[in-house]
Each structure stands twice: as structure tokens, then as C-alpha cells.
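Inside the fold
This is what each chain is made of:
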Amino acid sequence: KTFKPKKFISEGDVPSLLDTISNIANKNKVSISQIKPSSEAASAQTTSGLTGVFISLDADASYHDLGLFINQLENSEVFIVVEASKISVIPGNYFQQKASIKLKTYVKK
């Protein structure tokens with residue numbers, strides 16, 4: 001398998017990235033209740049001219065569907081990493097998980 005370099009999007013492409021994340025969620029039976037670029041300050045600009053952007057999302061899914069969703073995000077052509085996550089069982093439905101996920105990507109100015 002050959003390694004494909006990850007793409008970095010421009011700042012104006014963040015809304016399109018949110019749509020892509022939503023589409024990946026839908027394909028994996030993950031229900032997103034909230035998704036937004038975080039107002040929390042990301043790390044300063046890198047030496048390569050890239051700026052970090054956080055994306056926060058809340059979702060419900062089965063454990064395996066959630067794992068597939070995260071795997072597909074991190075293997076997408078755009079650079080995305082899971083910066084933090086909190087996963088808990090939904091009370092009364094032990095087959096569904098509630099997840100709060102903080103993603104990080106870098107954008108070109």
C-alpha cells in the first residue's frame with residue numbers, strides 16, 4: 001500500500017469539511033447532534049504557514065460504528081486527527097454510545 005500525503009484545506013473550506021465529516025458520519029450510522037469549529041484558540045501558526053483549527057462534535061452511535069467513523073476520518077484525504085474524546089453509554093440503551101469528540105485540522109491562510 002502506498003502512502004498518500006494528506007491535504008491541508010484553506011480557511012474558506014472549513015464549512016465544506018464539516019459537510020464531509022457529516023457525510024462520513026451518515027455512512028457509518030453515526031448521528032451527529034452538534035458540529036462546529038471551536039472558538040477555543042488553536043495552536044499558533046506553524047512554520048509552514050498552517051494554522052490549527054479545532055472542530056467539536058457530539059454524536060450517538062454503536063461502539064463499532066463510532067470506531068469506523070473515527071477511522072475513516074483519520075484516513076480521509078484531508079489531515080484530521082482526534083485531539084480528545086469522551087465516550088459514554090447512553091442510560092437505558094447499552095448498545096448506543098454518546099461521544100464528544102474534538103478534532104484538529106490545519107488550514108492554509
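As shown above, the structure is provided for reference.
In this numbering scheme, every chain counts its residues from 1 along its sequence in written order. With the structure being a predicted model, the display of local features is reserved for residues of pLDDT at least 70 and the display and counting of side-chain atom pairs for 80 or more, all residues being used for whole-chain, interface and lining totals. As a rule here, side-chain values come from all non-hydrogen atoms in the structure, and water together with hydrogens is ignored.

**So, the overall build of the protein chain**
- Helices and strands together make up the secondary structure of the protein chain, namely 2 helices and 5 strands.
- Going along the chain from the N terminus, every DSSP run of H or I of four or more residues is numbered as a helix, and every run of E of two or more is numbered as a strand. Reading the helices (α) and strands (β) of the protein chain from amino to carboxyl end gives β-α-β-β-α-β-β.
- Looking at the protein chain as a whole, 32% of its 109 residues qualify as buried.
- Within the protein chain, contacts between residues separated by at least 24 positions form 65% of all contacts whose residues are at least 6 apart in sequence. Residue exposure (1.4 Å probe, protein chains only): buried if accessible area is under 20% of the type maximum, exposed if over 50%, otherwise partly exposed. In this description, contact between two residues means that some pair of their heavy atoms is separated by no more than 4.5 Å.

**A word on the nonpolar core**
- In these notes, a set of buried Ala, Val, Leu, Ile, Met, Phe, Trp, Tyr and Cys residues joined through side-chain atoms within 4.5 Å is what counts as a nonpolar core. Formed by 23 residues in total, the largest nonpolar core has its most connected members in Ile21, Phe69, Ile101 and Leu103.
- Considering each element in turn, this core owes the most residues, 6 residues, to helix 1 (residues 14-27).
- When near neighbours in sequence (up to four residues on either side) are disregarded, Ile101 contacts Ile55, Ser56, Leu57, Leu66, Phe69, Ile70, Val82, Ala84 and Ser85.

**Focus on the pairing of strand 5 (residues 93-108)**
- Here, any two strands with at least 2 DSSP bridges between them count as paired. For strand 1 (residues 9-10) and strand 5, the ladder comprises 2 bridges, and the chain directions are parallel. For Ser10, the partnering residue across the bridge sits in strand 5 and is Lys108.
- In the sheet, strand 3 (residues 50-61) pairs with strand 5 via 12 bridges, with the strands oriented antiparallel. Looking at strand 5, one finds that Ala61 is bridged to Gln97.
- Where strand 4 (residues 81-90) meets strand 5, 9 bridges bridge the pair, whose relative direction is antiparallel. Residue pairing for strand 5: Ile90 is matched across the bridge by Asn93.
- Adjacent in sequence and paired antiparallel, strand 4 and strand 5 are bridged by 2 residues, among which Gly92 carries a positive phi angle near 85°.

**Some thoughts on the pairing of strand 3**
- In terms of residue burial, strand 3 counts as a mostly covered element, since 9 of its 12 residues are buried.
- One ladder, built from 6 bridges, connects strand 2 (residues 31-37) with strand 3; its direction is antiparallel. Residue pairing across strands places Lys36 opposite Ser56, the latter belonging to strand 3.

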